[in-house]
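Report on the structure
Single-letter residue listing:
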Amino acid sequence: MNAQLADLYQEIILRHHKSPHNCRALPEASHRSQGRNPVCGDEVEIYLNIEGGHIRGVTFQGQACAITRASASMLTEALLGKTTGEATAFAETLLKELRAADQTPEAPAHLNGDLRALFAVGRFPARIPCATLPWITLKAALAGQPRTLLSPSAK
Amino acid sequence: MTAQSLTESPATPPLVERVRQDFPILEKTVHGHPLAYLDNAASIQRPLAVISRVDAYEREGHANIHRGVHTLSQSATEAYEAARAKVARFLGAQREEEIIFTRGATEAINLVAQSFARPRLREGDVILLTEMEHHANIVPWQMIAAATGARVVAAPVTEEGELDLERFGTLLREEPVKMCAVVHASNSLGTINPVQKLVELCKTAGVPVLVDIAQAVPHGLTGAYAAGADFVVFSGHKVFAPTGIGVLCGRYGTLETMPPYQGGGDMIERVSFAGTTFKAPPARFEAGTPHISGAIGLGAAIDYLDSLDLPALYAHESALLRYATQRAAELPGLRIWGTAPEKVAVFSFTLEGAHPHDIATFLDTDGIAVRAGHHCCQPLMQRLGIAGTARASFAFYNTFEEVDRLFRGLHRIARIFG
Ligand SMILES: Cc1ncc(COP(=O)(O)O)c(C=O)c1O
């Protein structure tokens, strides 16, 4: 396998893809949003249960590629317990960094754990939207928008 | 012998090796591998004959057409009109004036929807399509349905990806159908519809019919107009010509009854603020300066096709599809979508555990270009209950070796994702 491809589909991503965490609907969700990438038709739905300003439950569902599923699975792990303010700030920083991943292929120093693996999309710029879709959808869910459509030229 | 080489790969005929030399881009390497271009249904590559004809026009022949008395303008006009004559012959039109140059199949369908169908539709009328249409043959009809109160009804497609002819016939008889638009060959599944039969059914019902031949023409299926369709449309870039040029071909008597689609220069007889009179077709529908080099390139593409042993080359394309279909059995998780007996060389599939986009990214790093997704056929994907497919679409310049490379890649993907 080509080294860059091996980087993108490393163990971590494939593990999240094959057995994603928190991949189910959340009946008690207080917030939810469905995000869609019009280029490929992939969809991901993010469910949040917010109590007293804290994220007490976060799950996702969707028909999507390995990158989007892994990104969503990691999202659910990263955000549990955060306040909505913290979650928004985290998502915004990560989105900015992912969108610039084609310029700076290294994962940012402040990140630890599985999320670092996502930055391999930098070598496949066409796949950056696959990684950002769950995070954009999360922001929409927090803002109370039931649907989000990635713009076709967006990252 | 491993499971991967159970089927012995046939040799690619010398004829095909020769044709490959006509396409400079096929010498390219991608990610360090020779390009295996298997995305021909999205857009096919250009032969040198087209590239150099367009180049020669740009270097030595360019001027605006239909507007000047000077030498260059006249020769550009002649070249543009000669291309129209070639397209007319290519489709079996009754006269050259039945050919209207558009930006592509999409614009041609919009033209028919707006100028022909829209003024004829009343509330409650039905526009009959099929479930296997490209978005280009759905959305323009939905737009005029919304404007007129007409309804869009789609004839069903079977699990195998074939049009349910019986239901199509019933809908034609029982619904107040005023317009029908059907695809000749499906871009996402490859299914070839029985166009003669469809046209006859429409004729019997007295319903005008547009046939989208965008995916038929690249495989030599150019007979829909001669079979009696009222309109046919296609795009140049899928048949060796540049992007931005396409064709609407329609019965002259019908075109004469249609109002212009766009207003501007070149389509008027005389303009005054008291009122403007329009030229006869095709000029009426070619407002503004057209894609002159594109039309000339399309003419060159038809000349190029005329120079080839097409029956042998189309037979080779079909052999590639048969070979890929045979090899599919090696991979237990592979499912082919579209198993109609009559297909153009489109191999659409899913692989268990691997999303089409991941498949396309993997293959790309091997230098293999395939398309992944809904192929602009979301209603069809919904009907089949899938989000999308990966699609290898063959042209006559593809080789058996490229199919082998595709399967080598798919075996690897199956191991990683399985
Ligand atoms: C069957 C079919 N119809 C129409 C179109 C639209 O063609 P264009 O985008 O060139 O206008 C396509 C292109 O993919 C097609 O495959």
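Residues numbered from 1 in each chain as written. Chains lettered and ligands numbered in written order. Predicted model: local features only at pLDDT ≥ 70, side-chain atom pairs only at ≥ 80, totals over all residues. Heavy atoms only, no water.

Residue and element names in this part refer to chain B. The immediate surroundings of the ligand are formed by Ala105, Thr106, His134, Ala136, Val183, Asn187, Asp212, Ala214, Gln215, Ser235, His237 and Lys238. Taking Ala105, its main chain carries an N or O atom lying 3.4 Å from an oxygen atom of the ligand. In this structure, an oxygen atom belonging to the ligand sits 2.7 Å away from a side-chain N or O atom of His237. Split by residue class, the shell around the ligand holds 4 nonpolar, 6 polar and 2 charged. (Near = heavy atom within 4 Å. Polar contact = N/O pair within 3.5 Å; in protein donor to acceptor, adjacent residues only side chain to side chain. Nonpolar A, V, L, I, M, F, W, Y, C, P; charged D, E, K, R; others polar.)

Moving on to helix α5 (residues 139–148) of chain B. Residues and elements named next belong to chain B. Along α5, the residues that are buried comprise Pro140, Trp141, Ile144, Ala145 and Thr148. All buried residues of α5 fall inside an arc of 140° around its axis, so they share one side. Buried-residue contacts for α5 involve α4 (105–117), β5 (126–130), β6 (151–155), β7 (177–183) and β8 (209–212). Gly149 lies just past α5 and shows a positive phi near 85°. (Buried < 20%, exposed > 50% of the residue type's maximum accessible area, 1.4 Å probe, protein only. Helix = DSSP H or I, 4+ residues; strand = E, 2+ residues; numbered from the N terminus. Arc of directions from axis to C-beta. Contact = heavy atoms within 4.5 Å.)

The partner chain B presents 15 residues to the 22 residues of chain A that form the contact. Between chain A and chain B, roughly 1500 Å² of surface is buried when both sides are summed, and carbon and sulfur atoms account for 57% of that area. At the surface where chain A touches chain B, the tally comes to 1 salt bridge. We note a salt bridge from Arg127 of chain A to Asp358 of chain B, for which the minimum N-O separation is 2.9 Å. Between the two partners, chain A and chain B, sit 9 residue pairs in polar contact (both at pLDDT 80 or more). Among the elements of the structure, α1 (3–8), α2 (11–18) and α3 (66–79) of chain A are those that each provide at least two residues to the side of chain A that touches chain B. With 3 residues, the top contributor of residues to the side of chain A that touches chain B is α2 of chain A. Class assignment of the residues belonging to the side of chain A that touches chain B gives a composition of 14 nonpolar, 4 polar and 4 charged. (Buried area = accessible area lost by both parts, 1.4 Å probe. Salt bridge = Lys/Arg side-chain N within 4 Å of Asp/Glu carboxyl O.)

The next point concerns the packing of helix α11 (residues 356–365) of chain B against helix α13 (residues 400–417) of chain B. The description of two packed helices rests on the angle between their axes and on the distance between the axes. Residues and elements named next belong to chain B. Direction vectors running N to C along α11 and α13 enclose 125°, while the axes themselves pass 10 Å from each other. Viewed along their axes, α11 and α13 adopt a mutual orientation that is oblique. The two elements α11 and α13 cross, and the hand of that crossing is right-handed. Between α11 and α13, the residues in contact are Asp358, Ile359, Phe362 and Leu363 and Leu406, Gly409, Leu410, Arg412, Ile413, Ile416 and Phe417, respectively. The class makeup of the residues in the contact of α11 with α13 is 8 nonpolar, 1 polar and 2 charged. (Axes fitted to C-alpha atoms, helices over the stretch in contact; angles between N-to-C directions. Parallel < 35°, antiparallel > 145°, perpendicular 65-115°, else oblique. Left-handed = near helix turned anticlockwise from the far one by under 90°.)

Here we take up the packing of aromatic side chains. On inspection of all chains with the given rule, the structure shows 16 aromatic pairs over all chains. Ring centres of Phe90 of chain A and Trp135 of chain A lie 5.9 Å apart, and the angle between their planes is 45°; on these two criteria the pair is classed as tilted. Placement of the pair is Phe90 of chain A in helix α4 (residues 84–99) and Trp135 of chain A in helix α5 (residues 128–142), with a sequence separation of 45 residues. Of the two residues, Phe90 of chain A and Trp135 of chain A, both sit in the buried class. Plain terms: the ring middles of Tyr323 of chain B and Phe400 of chain B are 5.6 Å apart, the flat faces sit at 80° to each other, and that makes the pair edge-to-face. With Tyr323 of chain B in helix α10 (residues 310–327) and Phe400 of chain B in helix α13, the pair connects residues that are 77 residues apart, well separated along the chain. For the pair Tyr323 of chain B and Phe400 of chain B, a shared accessibility class is recorded, and that class is buried. By way of ring pairs, the aromatic residues Phe23, Phe240, Tyr304, Tyr314, Phe396 and Tyr397 of chain B are connected into one cluster. (Phe/Tyr/Trp six-rings, centres within 6.5 Å; stacked < 30°, edge-to-face > 60°.)

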